[in-house]
Amino acid sequence: MKKALVPALTILLVLIVGVIGYILNSGPVSGDEAADDCDVSAYTMGVKWQQQSAEAMALQGQTYEMAARQLDKAVSKAPGGDDLAIMTDLDETAIDNSKLLARDIAKCHDFSGWDTWDDWEENGEPAMIPGALEFFEHADQLGVDIYYVSDRTEENRAKNVEAIAKLGLPQADDEHVMLLGPPKDERRAKVEANHTLLMQLGDTLHDFDGAFADASVDEQRKLVEKNRAKFGTEWVVLPNPTYGDWSESDLDAWDAPVRADD
């Protein structure tokens, strides 16, 4: 009997050690450690660039400086007495939501399904894109109407308007905040019915024209070429490497063997 107990005790000891090891190693992990084991780790580099890089900060500020100069020109050329307006997207154009994306990556959650977005609209901590607040304050001082045309949800309208106003954006009220419902083309037409629309700002191409919305990436590139003259004047694009139609595209790789240095 004693000899028979030895293998059983050995197996029991192995199980106990294994359970203890599992418990010790299943505690909280850092965002980077979590992302290493998740499919969503593919998003990490883009979110890091958007949130942490000085280059992103410089490019965003540079874009808004350019937009301010172009707006000054457009206002000076506009016929006197016209009601002037600009139209802007919010998320990743004027508002930085990278904390939500970073949190979801750390929790191994794919944010591209947008099922965590409702909670972010109600309780999140968005920040301003560098240069954005100064630009919109400048537009306000010029007497230009600002329309925040966003696909944030209408159900959270009160919270969304409150969040925009809390960030200090001018004209952040129910009249000037146009949320998800009609396509952006229809919301743009509503603005243009009573205004001369001088400029649009966004981070995705369908912020500017509905033709981009259902187009393939190749078709979008052709539309960009067709509308080249509008970019930097009527249409101002902010960089967003964290999500977009392009994310499902295949890379075009150099067809040559890898020759690494020894």
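Residues numbered from 1 in each chain as written. Predicted model: local features only at pLDDT ≥ 70, side-chain atom pairs only at ≥ 80, totals over all residues. Heavy atoms only, no water.

**Description of empty space enclosed by the protein**
Okay, so step 1: Inspection of every chain in the model, using the stated rule, returns one cavity of 30 Å³ or more.
Okay, so step 2: Within this model, the largest cavity holds a volume of roughly 30 Å³.
Okay, so step 3: The wall of the largest cavity is formed by Met-87, Thr-88, Asp-89, Val-149, Lys-184, Gln-200, Leu-201 and Asp-207.
Okay, so step 4: Of all the secondary-structure elements, those providing two or more residues to the lining of the largest cavity are strand E1 (84–88) and strand E6 (196–202). (1 Å grid on protein atoms, 1.4 Å probe; cavity = no way out; pocket = protein on both sides within 12 Å on 5 of 7 lines; lining within 4 Å. Points joined across faces, edges and corners; volume = space filled by probe spheres on them. Helix = DSSP H or I, 4+ residues; strand = E, 2+ residues; numbered from the N terminus.)

**Points about the nonpolar core**
Okay, so step 1: The biggest cluster of nonpolar side chains holds 31 residues, and the ones touching the most others in it are Tyr-64, Ile-86, Phe-135, Phe-136, Met-199 and Leu-201.
Okay, so step 2: The set of elements that each furnish at least two residues to this core consists of helix H4 (54–77), E1, helix H7 (132–141), strand E4 (145–149), helix H8 (157–166) and E6.
Okay, so step 3: Sequence-distant contacts of Phe-136, that is, excluding residues within four places in its chain, are made with Tyr-64, Ile-86, Thr-88, Ala-94, Ile-146, Tyr-148, Leu-169, Pro-170 and Leu-201. (Core = buried A, V, L, I, M, F, W, Y, C linked by side-chain atoms within 4.5 Å. Buried < 20%, exposed > 50% of the residue type's maximum accessible area, 1.4 Å probe, protein only. Contact = heavy atoms within 4.5 Å.)

**Focus: helix H5 (residues 98–106)**
Okay, so step 1: Along H5, the positions that sit buried rather than exposed are Ser-98, Leu-100, Leu-101, Asp-104 and Ile-105. In a view along the axis of H5, the buried residues occupy a sector of 155°, so they form one face of it.
Okay, so step 2: Just downstream of H5 lies Cys-108, where phi reads positive at about 60°. (Arc of directions from axis to C-beta.)

**Here we look at the state of the cysteines**
Okay, so step 1: Overall, the coordinates contain one disulfide when judged by the stated rule.
Okay, so step 2: In this model Cys-38 forms its disulfide with Cys-108; the gap between the sulfur atoms is 1.8 Å. Note that Cys-38 is positioned in the loop between helix H2 (31–36) and helix H3 (44–52) and Cys-108 in the loop between H5 and helix H6 (117–123), a separation of 70 residues in sequence.
Okay, so step 3: Residue Cys-38 is classed as buried on the basis of its relative accessible area, which comes to 9%.
Okay, so step 4: Judged by relative accessible area, Cys-108 falls into the partly exposed class, the value being 40%. (Disulfide = S-S within 2.5 Å.)

**Some points on the pairing of E4**
Okay, so step 1: Judged by how many residues are buried, E4 sits mostly within the fold: four of five residues are covered.
Okay, so step 2: Sheet topology note: the E1/E4 ladder contains four bridges and is parallel. Bridge assignment links Ile-86 to a residue of E4, and that residue is Ile-146.
Okay, so step 3: Two elements, E4 and strand E5 (residues 177–178), share two bridges in a ladder whose sense is parallel. Pairing of Tyr-148 across the sheet is with Val-177, part of E5.
Okay, so step 4: Each parallel crossover has a hand, and for E4 linked through H8 to E5 it is right-handed. (Pairing = 2+ DSSP bridges. Right-handed = clockwise from strand over helix to strand, strands pointing away.)

Read these as geometric descriptors, not functional statements.
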